[in-house]
Amino acid sequence: MALNRDDTSPLFAPGVAGTLRLIVYLALACVLMVLDHRGGWLGNVRYGLSLVVEPVYRIAGLPSQGFQAATVAFADRQRLTEQNQRLREDLLLANAKLNRMASVAEQNQRLKELLDTQHSLSLNVQLARLIGVDLGSFRHRIVLNVGARDKVQPGQVVIDARGVMGQIVEVMPTTSVAMLITDPNHAIPVTIERTGLRTIAYGSRTGDSLTLPNIPVSADVQAGDKLVTSGLGGRFPPGFPVGEIRDVAQTPSGTFLSAQAKPAADLDRSEDVLLLHDLAEPAGPPAPAPNVGPPADLAPAPGAPPAQTLPSVTSPTATPTPARPSTAAPSTGATP
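Let us look at the structure shown here. (Residues numbered from 1 in each chain as written. Predicted model: local features only at pLDDT ≥ 70, side-chain atom pairs only at ≥ 80, totals over all residues. Heavy atoms only, no water.)

Strands pair in a sheet through their backbones, by hydrogen bonds, and they do so in one of two ways: parallel or antiparallel. With antiparallel pairing, the 6 strands of this closed barrel are ordered in space as β1-β2-β5-β4-β3-β12. Put simply, the sheet's adjacent strands are angled 45° from each other on average, direction ignored. (Pairing = 2+ DSSP bridges. Helix = DSSP H or I, 4+ residues; strand = E, 2+ residues; numbered from the N terminus. Axes fitted to C-alpha atoms, helices over the stretch in contact; angles between N-to-C directions.)

Turning next to the pattern of salt bridges. Taken as a whole and judged by the stated rule, the model has 9 salt bridges. When the shortest N-O distance is used, the salt bridge between arginine 129 and aspartate 272 registers 3.2 Å. Here arginine 129, found in strand β1 (residues 124-135), pairs with aspartate 272, found in strand β12 (residues 272-277); they are 143 residues apart in sequence, far enough to count as distant. For arginine 129, a relative accessible area of 30% translates into the label partly exposed. Judged by relative accessible area, aspartate 272 falls into the buried class, the value being 6%. The salt bridge partner of aspartate 220 is arginine 194, with a shortest N-O separation of 3.0 Å. (Salt bridge = Lys/Arg side-chain N within 4 Å of Asp/Glu carboxyl O. Buried < 20%, exposed > 50% of the residue type's maximum accessible area, 1.4 Å probe, protein only.)

With that settled, consider the pairing of β12. Of all 6 residues that make up β12, 6 are buried, and the element is covered over most of its length. Side chains Asp272, Leu274 and Leu276 project from β12 onto one buried face, and the interleaved Val273, Leu275 and His277 project onto a second face that is buried too. Across 2 bridges, strand β3 (residues 157-159) lies against β12 in antiparallel orientation. Its bridge partner being in β12, isoleucine 159 is matched across the sheet by leucine 274.

Here the focus is unusual backbone geometry. Even without glycine at this site, lysine 151 takes up a positive phi of about 65°. On the accessibility criterion, lysine 151 (67% relative accessible area) is exposed.

On to the nonpolar core. Residues Leu144 and Val164 are the most contacted members of the largest nonpolar core, which totals 39 residues. With 4 residues, the top contributor of residues to this core is β12. When neighbours within four sequence positions are excluded, valine 164 is seen to be in contact with Val157, Val158, Ile159, Ile181, Ile188, Thr229, Phe236, Phe240, Pro241, Val242 and Ala265. (Core = buried A, V, L, I, M, F, W, Y, C linked by side-chain atoms within 4.5 Å. Contact = heavy atoms within 4.5 Å.)

Any functional reading would require information beyond the geometric quantities listed.
This is the structure in structure tokens:
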């Protein structure tokens, strides 16, 4: 298909004049290209023109650059938001694991203390876990995860790694209820460790202290004295920590001293406790005492007479002092 030629163009006008002008222009262009290639004469011209044309290029490219910058900013913002959310989740997960590890470490420490207490006792103990709390003005009790199926019986003593907590008062098939020593209806025979004074420690309505209302006025009781179980009544074994006296005051009647004590056990923090089992009474007569005598290698033979060995052992201690006058008496009587 032939190209349409514009007849009004002076460069491609028909005739010899138009062809001549085209040849001149082409020759001039070739000369300028050769001169520019050889000497670089038009470099300054191009540099000056670039200063004029460059702003036009920049203005023409602003929409594309703006769109690209907005796209990158949106993508970076979205990526940063997602990364921030992921880091926040990782931080929360790490904090949860750290708190869990701290809780497990604390629980392991409590179990270690209970295990050490169990090893140091010469009693039969049973491990139990606290699963419920019943605290009020008139009831200070806890619920344990052991019951009749675990051979738990009413009256069993409950302790933790620090001291006496209370005793079992109600037993169900799989759970049991223990009354704390701070219950207003609870009383425990105690001994002041420093002086040996025996008294009774009662619970209180506050739930965090013990009351000793019947201390003689002449008794030596001071703040800081340790209270231990006395063993009276046969319920609580002797020697277990019960509490520490905080203050001592005289009763309004003036006939007794009244003391307030802080429980030794962690009543509000313990999760694992020990139940004491009564020791079984020995059946039958006691075991015979072991034979006491010389070693078997020093004992005489069965057929040898033992008289030969006795004088050498008994003569230094068996010879009495009055024997000497009896031997000297015949000599004195013979001389006259």
